[in-house]
Amino acid sequence: MTSDLILQYFPDITPVQKEQFARLQELYTFWNNQINVISRKDIDLLYERHVLHSLGIAKVMPFLPGENVLDVGTGGGFPGIPLAILFPETAFHLVDSIGKKIKVVNEVATALGLKNVKGTHARAEEIKEKFDFVVSRAVTQLKDFYPWVSGKFSKATTNKLASGILYLKGGDLTQEIAESGLAVQQFYLKDYFEEEFFDTKQVIYVKG
């Protein structure tokens, strides 16, 4: 599987973006051998299960130039790194409580020449800035996640959705959403991507 999968769904990317996406396989294969940030069985499916999955958020919410996005529990850089490639004029702050994972984030961002990425070894609660959006990928239950970020939203965005959380989740979320007590919008990735992997995947939007 190659980065051509990304071109299939995002055909208007620039030559620079195309090259950056193409380099992700080499970079993550190298760093995954040093610091395990991606399941070993997934590394050959990087473009489907990590890169394109991350870009599901872009189908729901195309970020605007000048916006600030916080990626909580980014691990090795997902969804933040693929989104930062796609939206080079949007600022992405990637945080994780595990320092060696943030080392991978910063090394990958440097290798790709991404000037719009900052990686910080921290818990979400320690970040004091305000953001237009918070993104994350299945870090924990919604009811536990929301309190971490509830005070971090800027009210200035003119984007099509108000400032809030864009959370990648999978499976039947009926009980999790009910337990959270939050008003959510559910966007099904099977409406955007044809691969079977996305049949049960969603982006959950919660207004900040």
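The rules we used
Residues numbered from 1 in each chain as written. Predicted model: local features only at pLDDT ≥ 70, side-chain atom pairs only at ≥ 80, totals over all residues. Heavy atoms only, no water. UniProt positions renumbered as here; feature names shortened; annotations may be inferred. Helix = DSSP H or I, 4+ residues; strand = E, 2+ residues; numbered from the N terminus. Expected span 1.5 Å × (residues − 1). Bend = angle between axes of the 7 residues up to and from the residue. Buried < 20%, exposed > 50% of the residue type's maximum accessible area, 1.4 Å probe, protein only. Pairing = 2+ DSSP bridges. Salt bridge = Lys/Arg side-chain N within 4 Å of Asp/Glu carboxyl O. Core = buried A, V, L, I, M, F, W, Y, C linked by side-chain atoms within 4.5 Å. Contact = heavy atoms within 4.5 Å. Arc of directions from axis to C-beta. Right-handed = clockwise from strand over helix to strand, strands pointing away. Axes fitted to C-alpha atoms, helices over the stretch in contact; angles between N-to-C directions.

The name recorded for the protein in an unreviewed UniProt entry is Ribosomal RNA small subunit methyltransferase G, from Mucilaginibacter pankratovii. The UniProt entry for the protein carries this comment under Sequence similarities (unreviewed entry): "Belongs to the methyltransferase superfamily. RNA methyltransferase RsmG family."

Enquirer: Lay out helix H3 (residues 46-60) in plain terms, naming residues and giving numbers.
Expert: The end-to-end C-alpha separation of H3 is 21 Å, in line with the 21 Å expected for 15 residues at 1.5 Å each. Most pronounced at Leu52, the bend in H3 amounts to some 35°.

Enquirer: Could you give me a rundown of the pairing of strand E7 (residues 201-207), with the residues and numbers involved?
Expert: Counting buried positions along E7 yields 6 of 7 residues, so the element is predominantly enclosed. Of the strand pairs in this sheet, strand E5 (residues 164-170) and E7 are connected by 7 bridges, and their pairing is antiparallel. Considered in E7, the bridge of Gly170 is made with Lys201. Where strand E6 (residues 184-188) lies against E7, 5 bridges are found, and the strand directions are antiparallel. Looking at E7, one finds that Phe187 is bridged to Val203.

Enquirer: Can you tell me about the pattern of salt bridges, naming the residues and giving the values?
Expert: Under the definition given, this model contains 9 salt bridges. Linking Lys103 and Glu107 is a salt bridge whose minimum nitrogen-to-oxygen distance equals 3.4 Å. Placement of both Lys103 and Glu107 in helix H5 (residues 99-112) is noted, with a separation of 4 residues, approximately one turn of the helix. Look at Glu107 and you get partly exposed, because its relative accessible area is 32%. With a shortest N-O distance of 3.6 Å, Asp144 and Lys143 are connected by a salt bridge.

Enquirer: Mind laying out the nonpolar core, listing which residues take part and the relevant values?
Expert: Within the largest apolar cluster, 54 residues are counted, with the highest numbers of intra-cluster contacts made by Phe10, Leu24, Tyr28, Phe63, Ile81 and Leu166. Among the elements that line this core, the one with the most residues is H3, at 8 residues. Apart from the residues within four sequence positions on either side, Phe63 is in contact with Ile57, Val69, Leu83, Phe87, Thr90, Phe92, Phe133, Val135, Asn159 and Leu166.

Enquirer: Quick one: what's the story with helix H6 (residues 142-149), residue by residue and with numbers?
Expert: Side chains three or four residues apart in an α-helix point the same way, a direct result of the helix having 3.6 residues per turn. Restricting attention to buried positions, one finds in H6 the residues Leu142, Phe145 and Val149. Here the buried residues of H6 occupy an arc of 65° about the axis, which is enough to place them on one side. Where H6 is buried, its residues touch strand E1 (68-72), strand E4 (133-137), E5, helix H7 (174-180), E6 and E7.

Enquirer: I'd love a proper account of the pairing of E5, names of residues and values included.
Expert: Within E5, 6 of the 7 residues are buried, leaving the element largely enclosed by the surrounding structure. The sheet contact formed by E4 and E5 spans 5 bridges and is parallel. Paired with Arg137 across the strands is Leu168, a residue of E5. On the question of chirality, the crossover connecting E4 to the parallel E5 by way of H6 is right-handed.

Enquirer: Please provide a residue-by-residue account of the side chain of Asp42, values included.
Expert: Checked against the element boundaries, Asp42 lands in the loop between helix H2 (15-34) and H3. Take Asp42: its relative accessible area is 11%, and that puts it in the buried class. Setting aside its immediate chain neighbours within four residues, Asp42 contacts Arg49 and His50.

Enquirer: An account of the sheet that holds E6 is requested, with residue identities and associated values reported.
Expert: Spatial ordering of the open sheet is given by E3-E2-E1-E4-E5-E7-E6, a layout of 7 strands whose pairing is mixed. The open sheet has two edge strands, strand E3 (117-121) and E6, and neither has a second partner. In this sheet, adjacent strand axes meet at a mean angle of 20° when their direction is disregarded. H3 rests against E4, E5, E6 and E7 of the sheet, and its axis sits at about 140° to E5. Helix-sheet contacts for H6 involve E1, E4, E5, E6 and E7, and the interaxial angle to E5 is about 155°.

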